[in-house]
Structures are given as C-alpha cells and as structure tokens.
Amino acid sequence: MPLSDSEITAALASLHGWAATGKAIERHFKFPDFIAAMAFVNRVAEAAEKANHHPDIAIHYNQVTLSLWSHDSGGVTKRDLKMAATINTLQP
C-alpha cells in the first residue's frame with residue numbers, strides 16, 4: 001500500500017538528498033568521473049539484489065539519478081524509504 005503524501009514528506013525529512021517526484025522518490029548524485037559513478041552504481045546494484053528491491057537508474061557520465069517506487073503498489077512504500085536509507089550509506 002503506498003504511503004500518503006504527508007507520510008512521504010515526513011520520512012524525507014530524515015533522508016538526506018531525496019525528494020518526492022510524482023509516484024516516486026528520487027536522488028541525484030554527482031561524482032568526479034564516470035568510473036566513480038559506475039562504482040557507486042555497482043554498490044547500489046549489490047544492495048538492491050540483497051533487498052530484492054531495485055531502483056530505476058539513469059547514468060549520464062559522472063551523474064547518477066536513482067528513482068524508487070514500488071511498482072506493485074503504485075507508489076512509494078516503506079520498502080522504498082528503507083532502500084533510500086541503505087543507498088545513502090553507500091556513498092564514498
């Protein structure tokens with residue numbers, strides 16, 4: 001079941017860098033170069049596999065945008081917030 005807008009807003013207060021964007025939450029990351037960006041994406045991929053919850057990933061050279069929402073629920077759920085918090089721990 002998707003969270004309400006107010007629940008998402010409250011949760012995002014403690015998730016540095018994440019913002020609500022339509023049905024999802026999203027965060028943009030910038031790295032010194034492509035290799036650093038890809039290393040980060042690989043760390044995210046490993047964590048996502050362990051959690052069995054996978055973000056949408058856009059890579060543009062040294063910039064990575066991650067988007068999380070539970071497709072089966074049609075919006076942001078607690079699983080997305082938990083994955084966002086995990087992703088925040090993966091930064092260099």
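I will try to describe carefully the structure that is included in this document. Remember, it's a predicted structure, so these values are computed and weren't measured experimentally.

Quick notes on the pairing of strand β2 (residues 24-30)
Looking along a regular strand, one sees the side chains alternate between the two faces of the sheet. As defined by bridge partners, strand β1 (residues 19-21) adjoins β2 across three bridges and the pair is classed as antiparallel. For Ala20, the partnering residue across the bridge sits in β2 and is Ile25. With antiparallel pairing between neighbouring strands as the criterion, β1 and β2 make up a hairpin whose turn holds two residues, including Gly22 at a positive phi of roughly 65°. Judged from the six bridges that link them, β2 and strand β4 (residues 63-68) form a sheet pairing that is antiparallel. The residue of β4 that forms the bridge with Lys30 is Gln63.

Quick notes on a nonpolar patch on the surface
A grouping of Phe34, Ile35, Ile57, Ile59 and Tyr61 is seen on the molecular surface, where their side chains present a nonpolar patch of about 490 Å² in accessible area. Within the residue set of the nonpolar patch, elements represented by two or more residues are α2 (34-51) and β3 (56-60). Tracing the sequence through the fold places Phe34 in helix α2.

A closer look at the nonpolar core
Judged by nonpolar contacts, the single largest core of 24 residues is most densely connected at Trp18, Ile25, Phe40, Val64, Leu66 and Ile87. Every element with two or more residues in this core is listed here: α1 (5-12), β2, α2, β4 and α3 (78-88).

Some details on the packing of aromatic side chains
All told, the structure shown has four aromatic pairs when counted by the stated rule. An angle of 35° between the planes, with centres 5.0 Å apart, marks the rings of Phe31 and Phe40 as tilted. For the residue pair Phe31 and Phe40, the accessibility class agrees, reading buried in each case. Ring plane angle 10° and centroid distance 6.5 Å describe the contact between Phe34 and Tyr61, whose orientation is recorded as stacked. Of the two residues, Phe34 is situated in helix α2 and Tyr61 in the loop between β3 and β4; the sequence distance between them amounts to 27 residues. Through successive ring pairs, a cluster of aromatic residues spans Phe29, Phe31 and Phe40.

Some thoughts on α2
For α2, with 18 residues, the first-to-last C-alpha span of 26 Å sits near the 26 Å given by 1.5 Å per residue. Where α2 is concerned, the buried positions are Ala37, Phe40, Val41, Val44, Ala47 and Ala48. Viewed along the axis of α2, the buried residues span an arc of 125°, placing them on a single side of the element. Seen from the buried face of α2, the exposed residues on the opposite side, beyond 90 degrees, are Ile35, Glu46, Glu49 and Lys50. One side-chain oxygen at the N-terminal end of α2 lies 3.3 Å from the backbone nitrogen of Ile35; it belongs to Asp33. Count one or two residues on from α2 and you reach Asn52, which has phi positive near 55°.

Conventions we followed
- Residues numbered from 1 in each chain as written.
- Predicted model: local features only at pLDDT ≥ 70, side-chain atom pairs only at ≥ 80, totals over all residues.
- Heavy atoms only, no water.
- Pairing = 2+ DSSP bridges.
- Helix = DSSP H or I, 4+ residues; strand = E, 2+ residues; numbered from the N terminus.
- Patch = residues over 30% accessible without salt bridge, like charges linked within 9 Å, V, L, I, M, F, W, Y side chains within 5 Å.
- Areas by Shrake-Rupley, 256 points an atom, 1.4 Å probe, with all protein chains shown as cover.
- Salt bridge = Lys/Arg side-chain N within 4 Å of Asp/Glu carboxyl O.
- Core = buried A, V, L, I, M, F, W, Y, C linked by side-chain atoms within 4.5 Å.
- Buried < 20%, exposed > 50% of the residue type's maximum accessible area, 1.4 Å probe, protein only.
- Phe/Tyr/Trp six-rings, centres within 6.5 Å; stacked < 30°, edge-to-face > 60°.
- Expected span 1.5 Å × (residues − 1).
- Arc of directions from axis to C-beta.
- Polar contact = N/O pair within 3.5 Å; in protein donor to acceptor, adjacent residues only side chain to side chain.

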